[in-house]
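Residue-level structural notes
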Amino acid sequence: MGVGYGTQRMQRSELEAWLGRVFVPVEPGERFIGRLRGRLVELRGARPTRGWTAMIVVIGLLVGGALWFSAAIRIVLAALAIVGILVQKRQSKRKQA
């Protein structure tokens, strides 16, 4: 029984011997193990919020507040303009009478 490899055929025993030579177990470093564990498991709420997330929330709140404030000012100005128009019409009617 042969195993195909490119154009050559290797016998199963030759392949097992070659794999035994190529795949040599290596003990990973402590730093690598810690980083790997940190990437594999991350519990929600286990770490403080990342800085960029908080920054995006703050910027969003500021933009939302600015939009709300702008809309409120426009509504107040529109109301004042309507009141001014009404007052001006009343004054013009009094002058004519």
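Basis of the calculations
- Residues numbered from 1 in each chain as written.
- Predicted model: local features only at pLDDT ≥ 70, side-chain atom pairs only at ≥ 80, totals over all residues.
- Heavy atoms only, no water.
- Helix = DSSP H or I, 4+ residues; strand = E, 2+ residues; numbered from the N terminus.
- Buried < 20%, exposed > 50% of the residue type's maximum accessible area, 1.4 Å probe, protein only.
- pLDDT = per-residue confidence, 0-100.
- Patch = residues over 30% accessible without salt bridge, like charges linked within 9 Å, V, L, I, M, F, W, Y side chains within 5 Å.
- Areas by Shrake-Rupley, 256 points an atom, 1.4 Å probe, with all protein chains shown as cover.
- Salt bridge = Lys/Arg side-chain N within 4 Å of Asp/Glu carboxyl O.
- Lys, Arg positive; Asp, Glu negative; His and termini not counted.
- Charge placed at Lys NZ, Arg CZ, Asp CG, Glu CD.

The next subject is the overall build of the protein. When you go through the protein residue by residue, the secondary structure sums to three helices and two strands. Mapped from its N terminus to its C terminus, the protein presents α and β elements in the order β-β-α-α-α. Here the protein holds 97 residues, and the buried ones make up 1% of them.

Across the protein, the average pLDDT comes to 82, with 79% of residues at 70 or higher. Mean pLDDT across the elements of the protein ranges from a minimum in strand β1 (residues 2-5), with 54, to a maximum in helix α3 (residues 51-96), with 92.

Before going further, it helps to examine a positive patch on the surface. Judged by side-chain charge, Lys89, Arg90, Lys93 and Arg94 come together as a positively charged surface patch. Tracing the backbone through its elements, the reader meets Lys89 in helix α3. Overall, the relative accessible area of 52% leaves Lys89 in the exposed class.

It is worth spelling out the pattern of salt bridges at this point. A side chain with one charge may pair with a side chain of the opposite charge, provided their charged atoms come close. Per the stated rule, a full pass over the model turns up one salt bridge. Close ionic contact of Arg12 with Glu16 constitutes a salt bridge, the shortest N to O distance being 3.6 Å. Of this pair, Arg12 and Glu16 both sit in helix α1 (residues 12-22), four residues apart, which is roughly one turn of that helix. You can call Arg12 partly exposed: its relative accessible area is 48%.

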